[in-house]
Number of protein chains: 4
Amino acid sequence: MNTFGHLFRITTWGESHGGAVGVVVDGCPPQIDVDISAIQFELDRRRPGQSHLTTPRQESDVVEILSGVFEGKTLGTPISMLVWNKDARPAAYDHLKDLYRPSHADFTYQQKYGIRNWQGGGRASARETIGRVAAGAIAKQILREHAETEVLAYVKQVHTLTATVDMDRVTLEQIEESPVRCPDPIASPKMVERIDQARRDQDSLGGIIASVTRNVPVGLGEPVFDKLKADLAKAMMSLPATMGFQIGSGFDGITMTGSEHNDPFYMEKHNESERIRTRTNNSGGTQGGISNGENIVFQVAFKPTATIGKPQQTVDMEGNEVTLEASGRHDPCVLVRAPAIVEAMAALVLTDHLLRQRSKSYSQSEK
Amino acid sequence: MNTFGHLFRITTWGESHGGAVGVVVDGCPPQIDVDISAIQFELDRRRPGQSHLTTPRQESDVVEILSGVFEGKTLGTPISMLVWNKDARPAAYDHLKDLYRPSHADFTYQQKYGIRNWQGGGRASARETIGRVAAGAIAKQILREHAETEVLAYVKQVHTLTATVDMDRVTLEQIEESPVRCPDPIASPKMVERIDQARRDQDSLGGIIASVTRNVPVGLGEPVFDKLKADLAKAMMSLPATMGFQIGSGFDGITMTGSEHNDPFYMEKHNESERIRTRTNNSGGTQGGISNGENIVFQVAFKPTATIGKPQQTVDMEGNEVTLEASGRHDPCVLVRAPAIVEAMAALVLTDHLLRQRSKSYSQSEK
Amino acid sequence: MNTFGHLFRITTWGESHGGAVGVVVDGCPPQIDVDISAIQFELDRRRPGQSHLTTPRQESDVVEILSGVFEGKTLGTPISMLVWNKDARPAAYDHLKDLYRPSHADFTYQQKYGIRNWQGGGRASARETIGRVAAGAIAKQILREHAETEVLAYVKQVHTLTATVDMDRVTLEQIEESPVRCPDPIASPKMVERIDQARRDQDSLGGIIASVTRNVPVGLGEPVFDKLKADLAKAMMSLPATMGFQIGSGFDGITMTGSEHNDPFYMEKHNESERIRTRTNNSGGTQGGISNGENIVFQVAFKPTATIGKPQQTVDMEGNEVTLEASGRHDPCVLVRAPAIVEAMAALVLTDHLLRQRSKSYSQSEK
Amino acid sequence: MNTFGHLFRITTWGESHGGAVGVVVDGCPPQIDVDISAIQFELDRRRPGQSHLTTPRQESDVVEILSGVFEGKTLGTPISMLVWNKDARPAAYDHLKDLYRPSHADFTYQQKYGIRNWQGGGRASARETIGRVAAGAIAKQILREHAETEVLAYVKQVHTLTATVDMDRVTLEQIEESPVRCPDPIASPKMVERIDQARRDQDSLGGIIASVTRNVPVGLGEPVFDKLKADLAKAMMSLPATMGFQIGSGFDGITMTGSEHNDPFYMEKHNESERIRTRTNNSGGTQGGISNGENIVFQVAFKPTATIGKPQQTVDMEGNEVTLEASGRHDPCVLVRAPAIVEAMAALVLTDHLLRQRSKSYSQSEK
């Protein structure tokens, strides 16, 4: 289904070259301040045409709110938001009508549905993520109001270039200062150059997005299937082009022993107050699938963009083997636009679990 | 919630030291052959006490079917299965009642619920996966009947030891022949020795499970949130101790360019028939979140078992810093018992999507 | 939540006086013909301002399809449809801002959310049903394509006036010929007069909608919670102003004994074919919650419109007791516009269960 | 699916003649007191063999709790409860194996699934409701703890005999004192006699259950599909043998005009406190689908039991027309055992909505 979340729930709709793309946000608590410029800010972070590092498709992606908000506050009713598709050029896809682009969804959609909108990527287009980002902006506001929880994501790796970043201190401003959204001032210009070279080569690159969430309430996530790490994994792996997800020590942690990997508890004393902390954070902020109050840290692998300019071998719908050249406007590296999307998905997961936890905790709060 | 799946749906219940653990399988199609010995076979693969490489807890884990099956076939109604907890030794946990074991769920459960069953891991125990494995055995039967789809998983890595395995040809027999379920005859004995050493050291090890599914129908998975890769990621990350998931080229694929990474299509001709294939399988069997008929291949990272015998620093419920020694029976390396669990979860995801796809395709099949 | 259905699923959004109202239809099978004029036809049946028997609010309610349809056919992706609010007159509601209209949702919304859009009924307005009717038009098309299943509803009773209608033969044309949608040529003009009198009295009337569905596939509905009768009841009772639902013999059946009420089975032989039928249909087309192939017949009670022109006693938000006079444009009797809505909801339920049944039946169809 | 509820969620399983019947309660808040005798009390109210007015099947229906409760309190994890089937006599159903009992689910199950457990009613048996009643007992405890909310149901009508009951004051004790659970001392003995006569006639009777819930928190229920009246309607119509549901004035309200039917608001002053009330309660305790704090009052129509001793015409699986005589042990009137079931379902709906409302209201409570 095209719906995500149990209590804070979004439903996205729209093809990349249909009339519009949008989202319905359901289950949003009432009386939340909705700042349309904050939503637009996030959409601007993910929109195409930002710089020569992204696809040249020109879309201003101006959001319209059609319901659920009254006098600047949420009503508790569904919030419908949409963005019109403006710079769609379906004609540019004419030559793709009958063939299957490698590592794209053309073939699988055709097999699954027996029909597809061949004028662009349809629902498989990154354009579908507009609704997620708009909804995520509202989720971020809820998290901020509730506990000053802040979700950040940035480019950690492009191709073979890796950044060094202090996750505990990195800021949104540092991320946005970099044209590739890599807050390492040494790696960033190298990444710019590497991506630009890929663009000139009519090729593409992949990489890793890292994310950190700070000020996470303790107790979010559910013990079994809806573990926080499981819902985050699903959220990230539901994004186009993602190939892997890891939390905390991830795939690297397997070369540690248990005595090295376990996160010892201690009491943090700060002025009058004290709280239970862990000295290390190999767990990445969750234990037993439930947040422990440490920063939630995870990484997401994105494959190199499937759309490239170089000639490729493929087959058409009649089964003829053909050579595909030049397959539409594209991003040489999707990582640049990905942080806003990753943050949005993380914020949606956390907000859903915040509401879920709220529903359970009444016995304690009222007794 | 403790429910997983949209059409083929399981609900698990039970604490590790309560009366029993079990599962309700809902949405199972009628008239499926249920072979209780096939279910028991899978449970035996994951049960404790199999060898000195696993926890010494002795549980025969004999499954009982209480509903939904009649004269050896499914009725289409809920299938309730349970396994009694026999070798529970709650007294052995008395000294853990008031403290938080590092990297366990004790602290987060207590914070989330204000109460916990301290006699063992409760719902965070790997014992919860019994229901998943029993349900997965039925899912495997459906996949087998439908298209001879076969799901396998094996130990790919333990600590720093990596196996070399031909994923296209590995068999269940090869996997089960190895006491660590690693079908590489060279790596397997080394892993046995490494795990045994960890056990003697009162320490623990992590590793990687690899999974391959063959004969996958084309068209399973949904375009946006319920991508096959997303649901697989959630399934795997909902397991205890998992820290990462990657499909196809995964995290390694990011050092390739698009022209290297894309999987070129070609026509495979075999006698009279032909079908569209890809020459490489960096995509891991899905494109746009939908199965393309190639093998589904993914990997899951498991952290070293949190329960170890070595002394550790932690805090108790009053906030005192204490040293924890010897914290219960445990597996020095959970990987050995994990293949049955990983296979079960993959089978559940695929069966759910098989039914979902079936519900959509009626217009084609009937016109 | 604002979502209805398990596989064929709609999400409606929009306030009566916000920018627009709309619906996202998810889970629609691909390749279904979408005739926008058929959708508009249904919307015209429920739109305000049709005649002097309905509210004078002027809304042309022209539907726009924003996604999910390509070259006249469904893509299998979400279908987003909307209707703009044009004749909204929020100023007309200024005097209602601070008070609670009797038997309206003003008080309960304010208590539930602490905020409400007082410019009209918000989500409680019958305007919300636009999305249901648009989605229902697509569901009707699926039912028609699948088995020529036809859903009809008509006005059975207004105030004390009851119609005599042959449910097995009544046609859409007969229903639409009547200005009150009562296909009894004797009762219809009396109802017109009765409603017109209520309008002149600044009062309102309720009544009963009856519905019949013919050519229902056998086997729709699920045994326990999702019985067909249960989902139909929820569908109808989710409509504004409904106070009761009954299927088959309903509340009248309780004065029969079992031997009178049971529907005897017999074999209907027709040329070469034969099928199992029941001689009576006290069951209303379902047994054990599952369709038996007989017509599905049910009735829905609608209360008299809460909005009336006569003065009424109420309280304001400060708790002062006040007299409310003239509370906005309204329908003297909602029954006139209700058949399209009741039919839509019935079609949504049946289509959802059609897809659900399809997902289960694969074992039979393929063996 | 065999699951009901969004946050407070039950999954029932079990055939009437399989090994056991049971329920998994998921989403229950932690730290709720679980009194197993209170659960058993409710099961005893619905068990067969209570008196000569019910089926002679002897089942003690002793509940076992297998998980989710620790030291008398809920853990927040799934609560698994079961009851073994003891007095099953499958042989007594041998003669029913190949034929379809009129107005039973034999025919529709066979058509839907192509298989059925013919040893009793399978999932269509009233035995399935055991799980609902056990879960409902926990829900009642939550409602009681939260706001002293009390749900009651009683027999309002049997065949043509109607009771006169003061809904605002009727007590559980008064209901339980009557062997037919009709708290009208004049109607009760007449009902006993009427039911006994039906039993002697080998026939059966239907009737009406009325329900009242007092001390309902304001604000439960959601505006559109999940209106409280809609979820209550689904809950009741999901019970075996129900044919109709009405809330407040129900089907009788349609002969009133709006000015007669609307419930005027007023301020109720009581010592220091005051609150908004309505002078009449034609709305039945909800407006716009949301509770308004008045008593929730509804009625449910039950058809006469389909199982009767009298000979009936029917067909067998080969399509032969046959006469069915004596079709198993049965209740001459299910109403006697229905109050516990109706109360349980109402309690489940209210508890689910209580938790749902809780999840939304955090912004208000924390600001």
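Note on numbering: residues in each chain are counted from 1, in written sequence order. To read the labels, note that chains go from A and ligands from 1, taken in the order they are written. With pLDDT at 70 or above as the cut-off, local features in this predicted model cover only qualifying residues; side-chain atom pairs require 80 or more to be listed or tallied, and sums for whole chains, interfaces and linings still use all residues. With hydrogens and water excluded, all non-hydrogen atoms of the structure serve as input to the side-chain values.

### Section: the overall build of chain A
Okay, step 1: A tally of regular secondary structure across chain A gives 9 helices and 18 strands.
Okay, step 2: Both definitions apply: the radius of gyration is a C-alpha atom measure, and the globule rule equals 2.2 Å times residues to the power 0.38. Taken over C-alpha atoms, the radius of gyration comes to 21 Å for chain A, in line with the 21 Å a tight globule of 367 residues would show.
Okay, step 3: Projected onto its principal axes, the C-alpha positions of chain A cover 70 × 50 × 35 Å.
Okay, step 4: Contacts between residues were defined by any pair of non-hydrogen atoms, one from each residue, lying within 4.5 Å. Taking the contacts inside chain A whose residues are at least 6 apart along the sequence as the reference set, 70% of them involve residues at least 24 apart. Under the scheme used here, helices are H or I runs from DSSP no shorter than 4 residues and strands are E runs no shorter than 2 residues, and both carry numbers assigned from the N terminus.

### Examining the interface of chain D and chain B
Okay, step 1: Taken together, the contact between chain D and chain B spans 42 residues of the former and 42 residues of the latter.
Okay, step 2: Of the roughly 3,200 Å² buried where chain D meets chain B, counting both sides, 65% is carbon and sulfur surface.
Okay, step 3: Counted as salt bridges are all cases of a side-chain nitrogen of Lys or Arg within 4 Å of a carboxyl oxygen of Asp or Glu. Counting every contact that joins chain D to chain B gives 0 salt bridges.
Okay, step 4: Contacts described as polar in this section are N or O atom pairs within 3.5 Å, which, within protein, must combine one atom able to donate a hydrogen with one able to accept it, while residues neighboring in sequence count only if both atoms come from side chains. Seen at the junction of chain D and chain B, the total is 10 residue pairs in polar contact (both at pLDDT 80 or more).
Okay, step 5: For the side of chain D that touches chain B, the elements supplying multiple residues, two or more each, are β2 (9-13), β3 (20-26), β6 (73-74) and β7 (79-84) of chain D.
Okay, step 6: Examining the composition of the side of chain D that touches chain B, we find that 4 residues originate from one element, β2(D), more than from any other.
Okay, step 7: Residue composition of the side of chain D that touches chain B, by class: 15 nonpolar, 19 polar and 8 charged. Computed with a 1.4 Å rolling probe, the buried area is the accessible surface lost when two parts are put together, summed over both parts. Any residue that is not Ala, Val, Leu, Ile, Met, Phe, Trp, Tyr, Cys, Pro, Asp, Glu, Lys or Arg is counted as polar, Gly included; the first ten are nonpolar and the last four charged.

### Section: helix α5 (residues 187-200) of chain D
Residues and elements named next belong to chain D.
Okay, step 1: Taking 1.5 Å as the rise per residue, α5 with 14 residues should run 20 Å; its terminal C-alpha atoms sit 20 Å apart, in good agreement.
Okay, step 2: Note on exposure labels: buried denotes an accessible area under 20% of the residue type's maximum, exposed denotes more than 50%, and partly exposed covers the range between, all computed with a 1.4 Å probe on protein chains only. Among all positions in α5, only A187, S188, M191, V192, I195, D196 and A198 are buried. End-on, the buried residues of α5 take up no more than an arc of 165 degrees, which puts them together on one face.
Okay, step 3: Buried-residue contacts for α5 involve β8 (150-158) and β9 (161-162). Between the first and last residue of a helix there are one fewer steps than residues, each counted as 1.5 Å, and that sum is the expected span. Directions pointing from the helix axis toward each C-beta atom define the arc.

### A closer look at the pairing of strand β10 (residues 207-214) of chain D
Residues and elements named next belong to chain D.
Okay, step 1: The buried fraction of β10 is high, at 8 of 8 residues.
Okay, step 2: Every second residue of β10 is oriented toward a common face, with G207, I209, S211 and T213 on one face and I208, A210, V212 and R214 on the other, all of them buried.
Okay, step 3: Pairing between β10 and strand β16 (residues 296-302): 7 bridges, direction antiparallel. Within β16, the residue paired with A210 across the bridge is Q299. For two strands to be treated as a pair, DSSP must find no fewer than two bridges joining them.

### Some words on unusual backbone geometry
Okay, step 1: Phi at C:N271 is positive, roughly 50 degrees, even though this residue is not glycine.
Okay, step 2: If you trace the backbone, C:N271 turns up in the loop between β12 (265-270) and β13 (273-278).
Okay, step 3: Non-glycine residue D:H159 carries a positive phi angle of around 50 degrees.
Okay, step 4: Here D:H159 is to be found in the loop between β8 and β9.
Okay, step 5: When its relative accessible area of 14% is taken as the criterion, D:H159 is described as buried.

### Side note on the pairing of strand β8 (residues 150-158) of chain B
The two faces of the sheet receive side chains in turn, since in a regular strand these alternate between them.
Residues and elements named next belong to chain B.
Okay, step 1: Burial within β8 is extensive, with 7 of its 9 residues counted as buried.
Okay, step 2: Pairing between β8 and strand β10 (residues 207-214): 8 bridges, direction antiparallel. From the neighbouring strand, V151 faces β10, where its bridge partner is T213.
Okay, step 3: Pairing of β8 with strand β9 (residues 161-162) involves 2 bridges; the strand directions are antiparallel. Bridge pairing in β9 links V158 to L161.
Okay, step 4: Between β8 and the antiparallel strand that follows it, β9, lie 2 residues; H159 among them carries a positive phi value of about 50 degrees.

### Here we look at the interface of chain B and chain A
Okay, step 1: Listed per partner, the contact involves 106 residues of chain B and 106 residues of chain A.
Okay, step 2: Here chain B packs against chain A, burying approximately 8,100 Å² in sum over the two surfaces, 61% of which is carbon and sulfur.
Okay, step 3: Summed over the shared surface of chain B and chain A, the number is 4 salt bridges.
Okay, step 4: B:K234 serves as the salt-bridge partner of A:D226, at 2.8 Å between the closest nitrogen and oxygen.
Okay, step 5: For the interface between chain B and chain A, the tally reads 43 residue pairs in polar contact (both at pLDDT 80 or more).
Okay, step 6: Among the residues making up the side of chain B that touches chain A, the classes are represented as 42 nonpolar, 45 polar and 19 charged.
Okay, step 7: Sheet topology places strand β11 (residues 242-247) of chain A next to strand β11 (residues 242-247) of chain B; 3 bridges connect them, and they run antiparallel. Paired with A:G244 across the bridge in β11(B) is B:Q246.

### Observations regarding the packing of aromatic side chains
Okay, step 1: Stacked, edge-to-face and tilted labels apply to pairs of Phe, Tyr and Trp rings (six-membered ring for Trp) whose centres lie within 6.5 Å, assigned for plane angles under 30 degrees, over 60, and everything in between, in that order. Across all of its chains, the model carries 30 aromatic pairs over all chains by this definition.
Okay, step 2: Seen from their ring centres, B:F245 and B:F298 are 5.4 Å apart, and the 35 degrees between their planes marks the pair as tilted. Taken together, the residues B:F245 in strand β11 and B:F298 in strand β16 (residues 296-302) connect sequence positions 53 residues apart.
Okay, step 3: B:F245 sits in the buried class, given a relative accessible area of 0%.
Okay, step 4: For B:F298, a relative accessible area of 2% corresponds to the buried category.
Okay, step 5: Clustering of aromatic rings is evident, with ring pairs tying together A:Y100, A:F107 and B:F265.

### Observations regarding the relation of the copies chain B and chain A
Okay, step 1: Superposing chain B onto chain A requires a rotation of 180 degrees together with a translation of 0.0 Å along the rotation axis, leaving an RMSD of 0.0 Å. On this basis, the relationship between the two copies can be described by a two-fold rotation axis.
Okay, step 2: The fraction of interface residues of chain B whose copies in chain A are also interface residues reaches 100%, indicating that both copies meet through the same surface. The copies are overlaid by a least-squares fit using only the C-alpha atoms of residues whose pLDDT is at least 70 in both copies.

### Brief notes about the pattern of salt bridges
Side chains that carry opposite charge are capable of pairing whenever their charged atoms lie near each other.
Okay, step 1: Here the structure, examined in full by the defined rule, presents 118 salt bridges over all chains.
Okay, step 2: Its salt-bridge partner being D:E42, residue D:K140 comes within 2.9 Å of it at the nearest N-O pair. One end of the pair, D:K140, is in helix α3 (residues 129-147); the other, D:E42, is in helix α1 (residues 36-46), with 98 residues separating them in the sequence. Per residue, the accessibility class of D:K140 equals that of D:E42, and both read buried.
Okay, step 3: A salt bridge links D:K310 to D:D203, with the shortest nitrogen-to-oxygen separation between them at 3.4 Å. Of this pair, D:K310 sits in the loop between β16 and β17 (312-315) while D:D203 sits in the loop between α5 and β10, and the two are 107 residues apart along the sequence.
Okay, step 4: Under the relative-accessibility criterion, D:K310 is labelled partly exposed at 33%.
Okay, step 5: Under the relative-accessibility criterion, D:D203 is labelled buried at 5%.
Okay, step 6: Through salt bridges with shared partners, a single ionic network connects A:E222, A:D226, A:D231, A:D352, A:R356, A:K360 and B:K234.

So yeah, pure geometry; function would need other evidence.
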